[in-house]
Amino acid sequence: WTAITWVPAVVFFVDHGFSYALISGRSMQPTFNPDSNQLKKDIVLLNKWGITNHTFNRGDVVTLTSPIDPKCLITKRIIALPGDEVKPLRGKESVKVPEGHCWVEGDEAFHSRDSNSFGTVPIGLIRAKVSYVLWPPSRIGPV
């Protein structure tokens with residue numbers, strides 16, 4: 001019964017502290033999954049505690065709920081924050097990022113569905129900051 005008393009603490013830790021995720025796809029190459037072999041996937045540490053104050057920096061890698069498919073969690077890099085202007089890759093006119101939103105992109109532009117496709121995203125969709133690569137061992141380290 002002693003172990004059962006830890007269950008609420010563990011659930012809280014995973015929901016609000018740290019957890020891990022398997023990164024699939026090519027949109028964040030070469031940061032994640034640099035080998036084109038789709039069988040090899042990176043495992044990363046997610047810092048959920050780091051988003052509680054909604055303080056983000058340009059360049060942060062985050063996981064967020066996809067604005068076009070709420071059942072899907074995506075991993076992208078923050079390119080612009082509220083008040084910034086961004087020139088979309090496939091657009092002619094700059095976009096000003098509104099308050100409470102950000103602009104996210106994959107590191108591999110040709111294989112990424114990101115703000116260039118769906119526009120700015122609400123900061124409230126961000127679920128965690130990606131802090132470390134945990135696997136493969138040859139690439140363990142901070143993001």
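Within each chain, residue numbers correspond to sequence positions counted from 1 in written order. Since the coordinates come from a predicted model, pLDDT governs what is reported: local features require at least 70, and pairs of side-chain atoms require 80 or more to be given and counted, while whole-chain, interface and lining totals use all residues. Hydrogens and waters are ignored; side-chain quantities use all the structure's heavy atoms.

### Topic: the overall build of the protein chain
A count of helical and extended segments in the protein chain gives three helices and 10 strands. Helix and strand assignments follow DSSP, with helices taken as H or I runs no shorter than four residues and strands as E runs no shorter than two, numbered in order from the N terminus. Ordered by position from the N terminus, the helices and strands of the protein chain form the series α-α-β-β-β-β-β-β-β-α-β-β-β. Only heavy atoms matter for contacts: two residues are in contact if any of them lie within 4.5 Å across the pair. For the protein chain, long-range pairs separated by at least 24 residues make up 52% of all intrachain contacts whose partners lie at least 6 apart in sequence. Element-wise, carbon and sulfur atoms account for 60% of the exposed surface of the protein chain, whose accessible area totals about 8700 Å². The accessible surface values rely on the Shrake-Rupley method and a 1.4 Å probe; as for residues, cover is taken only from the protein chains in view.

### Observations regarding the pattern of salt bridges
Salt bridges are defined by distance alone: a side-chain nitrogen of Lys or Arg within 4 Å of a carboxyl oxygen of Asp or Glu. Under the defined criterion, the tally for this structure stands at four salt bridges. The partner of Lys 129 in a salt bridge is Asp 60, with the nearest N and O atoms 3.7 Å apart. One end of the pair, Lys 129, is in strand E9 (residues 126-135); the other, Asp 60, is in the loop between strand E2 (42-47) and strand E3 (61-65), with 69 residues separating them in the sequence. A simple rule labels every residue: compare its accessible area, found with a 1.4 Å probe on the protein chains alone, to the largest value its type can have, and call it buried under 20%, exposed over 50%, or partly exposed in between. Note on Lys 129: relative accessible area 18%, which makes it buried. What makes Asp 60 buried here is its relative accessible area of 16%. We note a salt bridge from Asp 107 to Arg 77, for which the minimum N-O separation is 2.9 Å. Within this pair, whereas Asp 107 is found in the loop between strand E7 (101-105) and helix H3 (115-118), its partner Arg 77 is found in strand E4 (residues 73-80), the two being separated by 30 residues in sequence. On the basis of relative accessibility, which here comes to 28%, the residue Asp 107 falls in the partly exposed class.

### A short note on a nonpolar patch on the surface
A cluster of nonpolar side chains, namely Tyr 20, Tyr 132, Leu 134 and Trp 135, defines an oily patch on the protein surface of about 470 Å² accessible area. Considering every element that reaches the nonpolar patch, the biggest residue donor is E9, with three residues. For patch detection, residues must exceed 30% relative accessible area and be free of salt bridges, and they are connected within 9 Å for like charges or within 5 Å for nonpolar side chains (Val, Leu, Ile, Met, Phe, Trp, Tyr).

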